[in-house]
Amino acid sequence: MSKYQLNYLDQLESESIHIMREVAGQFERPALLFSGGKDSIVLVHLALKAFRPGKFPFPLVHIDTGHNFQEALDYRDALAERIGEKLIVRQVADTIKAKNLTEPKGKFASRNALQTYTLLDTIEEFKFDACIGGARRDEEKARAKERIFSVRDEFGQWNPKLQRPELWDTYNGRIDKGENVRVFPISNWTELDIWNYIRKENIELPSIYFSHEREVLEHEGQLVAVSEFVQIETTDTVSIKRVRYRTVGDMTCTAAVESSANTIDDIISEIIATKTSERGETRIDDRVSEAAMEDRKKNGYF
Amino acid sequence: MDILRFITAGSVDDGKSTLIGRLLYDSKSILIDQLEAIEKQTKNREDGEIDLALLTDGLRAEREQGITIDVAYKYFTTPKRKFIIADAPGHIQYTRNMVTGASNSDLAIILIDARHGVVEQTRRHSIIASLLNIPHVVVAVNKMDLVEYSHDVYNNILIDYAAVAKSLGLKDVRYIPISALNGDNIVDRSTKMDWYEGEGLLQILETVVVTDDINLTDARFPVQYVIRPQTEALHDYRGYAGKVISGIYKKGDSVTVQPSGLTTTISAIEVSGIEVEEAFAPQSAILHLTDDVDVSRGDLITLTENQPSVSNELEVLLCWMDHKPLVAGNKYQLQINSRLVRAVVKEFQYKVNVNSLEQESAPEKVQLNDIIKATIKTASPIPYDSYQHLRVNGGAILIDETSHVTVGACMIQ
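If you're wondering where the values come from, they're calculated on a predicted model, not measured in any experiment.

## Quick word on the overall build of chain B
Move 1: Along chain B, the regular secondary structure elements total seven helices and 24 strands.
Move 2: Here chain B, with 413 residues, has 61% of them falling under the buried criterion.
Move 3: Considering only contacts within chain B whose residues lie at least 6 apart along the sequence, 69% involve residues at least 24 apart.
Move 4: Entry remark: accessible area of chain B is about 16,300 Å², with carbon and sulfur atoms responsible for 47%.

## Re the domain arrangement of chain A
Interface size is commonly expressed as the accessible area that is lost once the parts come together.
Residue and element names in this part refer to chain A.
Move 1: Each assigned domain of chain A is listed with its residue range as follows: domain 1 (8-192 + 291-298) and domain 2 (207-287).
Move 2: Averaged C-alpha coordinates put domain 1 and domain 2 at centres separated by 24 Å.
Move 3: Domain 1 puts 26 residues into the contact, and the matching count from domain 2 is 30 residues.
Move 4: Together, the buried faces of domain 1 and domain 2 total about 2,400 Å²; carbon and sulfur atoms form 54% of this surface.
Move 5: Connecting domain 1 to domain 2 are two salt bridges.
Move 6: A salt bridge links R246 to E191; the nearest nitrogen and oxygen atoms lie 2.8 Å apart.
Move 7: The interface formed by domain 1 and domain 2 contains three residue pairs in polar contact (both at pLDDT 80 or more).
Move 8: Among the secondary structure elements, those contributing two or more residues to the side of domain 1 that touches domain 2 are α3 (70-83), α6 (191-201) and α9 (292-298).
Move 9: Of the residues forming the side of domain 1 that touches domain 2, the biggest block, three residues, is contributed by α9.

## Some details on the nonpolar core
Move 1: Counting residues in hydrophobic clusters, the biggest one holds 135 residues, and the most contacted among them are M20 and L32 of chain A together with F6, L132 and Y161 of chain B.
Move 2: For M20 of chain A, the residues in contact, after removing those within four places along its chain, are L32, L43, L46, A47, A50, F51, F58, I132 and P185 of chain A.
Move 3: Within the second largest apolar cluster, 23 residues are counted, among which are L314, A343, F348 and V407 of chain B.

## Here we look at the pattern of salt bridges
Move 1: Across all of its chains, the model carries 39 salt bridges over all chains by this definition.
Move 2: Where E206 of chain B meets K80 of chain B, a salt bridge forms, and the shortest distance between an N and an O atom there is 3.8 Å. Pair noted here: E206 of chain B is in helix α7 (residues 201-207) and K80 of chain B is in the loop between β2 (72-77) and β3 (81-87), with a separation of 126 residues, a long-range link.
Move 3: Of the charged contacts in the structure, one is a salt bridge between R342 of chain B and E401 of chain B, with a shortest N-O distance of 2.8 Å. Remark: E401 of chain B occurs in the loop between β23 (395-399) and β24 (406-412) and R342 of chain B occurs in strand β19 (residues 339-352); sequence separation between them is 59 residues.
Move 4: Because the salt bridges share partners, they merge into one network encompassing D10, E13, K49, K200 and E201 of chain A.

## Structural notes on the interface of chain A and chain B
Move 1: Between chain A and chain B, the residue contacts involve 62 residues of the former and 78 residues of the latter.
Move 2: When the two sides are added together, the surface that chain A and chain B hide from each other amounts to roughly 6,000 Å², 54% of it contributed by carbon and sulfur.
Move 3: Summed over the three residues of chain A that lose the most area to chain B, namely Y4, K145 and W168 of chain A, the buried surface amounts to 15% of that side.
Move 4: Taken together, the connections running from chain A to chain B amount to five salt bridges.
Move 5: Taking the shortest distance from any N to any O, the salt bridge between R5 of chain B and E15 of chain A comes out at 2.9 Å.

## What to know about the packing of helix α4 (residues 92-99) of chain A against helix α5 (residues 115-126) of chain A
Residue and element names in this part refer to chain A.
Move 1: Between α4 and α5, whose axes approach to 9 Å, the crossing angle comes to 90°. As summarised for this structure, α4 and α5 are arranged roughly perpendicular, according to the angle between their axes. Contact residues: α4 offers V92, T95 and K99, while α5 offers Q115, Y117, T118 and D121.

## Here we look at the domain arrangement of chain B
Residue and element names in this part refer to chain B.
Move 1: Along its sequence, chain B is organised into domain 1 (2-212), domain 2 (220-303) and domain 3 (309-412).
Move 2: Each partner contributes residues to the interface: domain 1 has 23 residues there, and domain 3 has 16 residues.
Move 3: Each partner contributes to the roughly 1,500 Å² buried at the junction of domain 1 and domain 3, and carbon and sulfur atoms together form 56% of this total.
Move 4: Of all residues in domain 1, R96, L131 and N133 bury the most surface against domain 3, accounting for 38% of the area lost on that side.
Move 5: Inspection of the domain 1/domain 3 interface yields zero salt bridges.
Move 6: Applying the counting criterion to the domain 1 and domain 3 interface returns 12 residue pairs in polar contact (both at pLDDT 80 or more).
Move 7: Secondary-structure elements contributing two or more residues to the side of domain 1 that touches domain 3 are α4 (95-102) and α5 (120-131).

## Re the packing of α4 of chain B against α5 of chain B
All names here are of chain B.
Move 1: Direction vectors running N to C along α4 and α5 enclose 40°, while the axes themselves pass 10 Å from each other. Between α4 and α5, the crossing angle belongs to the class labelled oblique. α4 and α5 meet at a crossing whose hand is right-handed. Listed contacts from α5 to T95, M98 and V99 of α4 are R124, H125, I128 and A129.
Move 2: Here the residues of the contact of α4 with α5 sort into four nonpolar, two polar and one charged.

## Here's the deal with the sheet that holds β3 of chain B
Move 1: An order of β2-β3-β1-β4-β5-β6 (chain B) is seen for the six strands of this open sheet, with the pairing classed as mixed. The sheet is open, and its two edges are formed by β2 and β6 (172-177) of chain B, each paired on a single side. Each adjacent strand pair in this sheet contributes to an overall mean axis angle of 25°, direction not counted.
Move 2: Pairing of β2 of chain B with β3 of chain B, which is carried by six bridges, proceeds in the antiparallel orientation. Within the sheet, the bridge partner assigned to Y73 of chain B lies in β3 of chain B and is A86 of chain B.
Move 3: Contacts between helix α1 (residues 8-26) of chain A and the sheet are confined to β1 (2-9) and β3 of chain B, with β1 of chain B contributing the most and set at about 70° to the helix.

About the thresholds
- Residues numbered from 1 in each chain as written.
- Chains lettered and ligands numbered in written order.
- Predicted model: local features only at pLDDT ≥ 70, side-chain atom pairs only at ≥ 80, totals over all residues.
- Heavy atoms only, no water.
- Helix = DSSP H or I, 4+ residues; strand = E, 2+ residues; numbered from the N terminus.
- Buried < 20%, exposed > 50% of the residue type's maximum accessible area, 1.4 Å probe, protein only.
- Contact = heavy atoms within 4.5 Å.
- Areas by Shrake-Rupley, 256 points an atom, 1.4 Å probe, with all protein chains shown as cover.
- Domains from an automatic or database assignment.
- Buried area = accessible area lost by both parts, 1.4 Å probe.
- Salt bridge = Lys/Arg side-chain N within 4 Å of Asp/Glu carboxyl O.
- Polar contact = N/O pair within 3.5 Å; in protein donor to acceptor, adjacent residues only side chain to side chain.
- Core = buried A, V, L, I, M, F, W, Y, C linked by side-chain atoms within 4.5 Å.
- Axes fitted to C-alpha atoms, helices over the stretch in contact; angles between N-to-C directions.
- Parallel < 35°, antiparallel > 145°, perpendicular 65-115°, else oblique.
- Left-handed = near helix turned anticlockwise from the far one by under 90°.
- Nonpolar A, V, L, I, M, F, W, Y, C, P; charged D, E, K, R; others polar.
- Pairing = 2+ DSSP bridges.

What follows is the structure, encoded as structure tokens:
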């Protein structure tokens, strides 16, 4: 192998850094949407590589549904402090109150859909013209069709039929007032790429990604953490299991997997052996309908 | 392990989505829940077979109409490579989608229906592959099961296609007979076509050498962003952040900044936050220059000994991608890598017939999916290379100044 050859993780990293710098070069008021999940943690790591020793040209923004895992929130605060970057947090609960929104009901009442309102309000409040997010095209079929620079109208809506052609590595971020662009620097990464990169770069993760004991209830084959946000009925089977999280979202819509994986190596072995996709195994919200993700994206969801 | 980006091109019923589904399925990149989801959808259909095409049709309208609207990106990995597939729709009206998908591809799979042989769309797809300068082409003759795996049928198609490849000057063309539906010659060699002595499709994809396609001679570094911490400790730090799109930069190299033409020396290079002696394509890097010259986003740092052309008049092949037609004299923004300038499309020399490559007289109005030869004048000079020589510094997009939409793709001559 010639010394002028990059392995695939270095190629992916370089591409993502290039995209982040295009955001910095093209937009007045960008933001990086940070959730505390592994994908957005990788985004922050890439931003460090793209902009250090300078400051980030954008704040970290977290839309907090109030249903997050405490471990993810603690990690978020510690990370922002450690890297010395600005963190903006906006609460979905505040939007619900201010706008008189109706809280969803049901066993796993999820504020996932309401998140969109808070996100759009936050975009308006800070006049963000670009929001960097950690979505990957391998996650879901609608995402597979989304551009790296994805233009949203003033209602935050994605129109899959009116996407701009995206050629070479040339990204067109020009927009009208009120519009904004969602930018996905890790579009071309898969779940396994993310984990291999975390291992290579030795990136620290919230503890819930690793095996731990947790009280869970079993629902249609999925393990949901027992919390104040989930309604437990007498017919439910609740037990303590050794689990870890493969994705980290709200406690109401993210399921755990049984696992004794304590290290990144163990996790990677498990992912290679798994027979279920990341979203299929751990996301309760995507199961609602075939076009669930497409609908939510069209409505301004990330 | 490296990455291969490829595009699949075929007409509507050539089985393109089935082929992709098959590659994903046979490389075990499809997981049970995804398979269950398509099984569920297939049950609502009449034939009852699992429709692998459903794996790639992501939008509701696509599933309802049974067509593919937009370029979908799919991923799979084998122990040898990571693969990124751009699945471009085959419809006539979607030339722009194929151009989009082709722009980043190392390889094109051109699908031919064994029953129909080389048809108009085969030519069109091959012409686009050649205009976009995709380095490698694999001609996959599909649906061999429907022609009784006939060697003669395959051979005749080869002869026909070889003529197309020759007329287009395609450099690296390989041929393979397959049945995407049954999995013949996809991952495993088919037992039904003993006469075929080549590798299976996946093997071809795993072994095509793509590192040689990266140009390490003509060093080009578009500046994206200037990093200036302006803190006490880093008061004088000034780093030019960008990506080495081609070539190699070493500490101490004499460089010229285009289009200003100022010459200076590289004093330091950083890659991934670490100071290094050299940076090469396609690394993202930060360059430091000895002199305090005026460099900003949109400038191109090149080796002094190897310069691009610099001009404010460009001869281009232009693929028009907007519903609003292009009229000579219209003004646009032209973006080439990080450089954005105002531009006017001055005159059209001829229109390329995308089915025959013949030059036709230039139309008054250029319509969606037309490819024309045109002259573009820019408000300030552009440092560029010819697209056929250096893809990464010869492709530009045109942006409508009022709608901000990307309306054209330019391959600079």
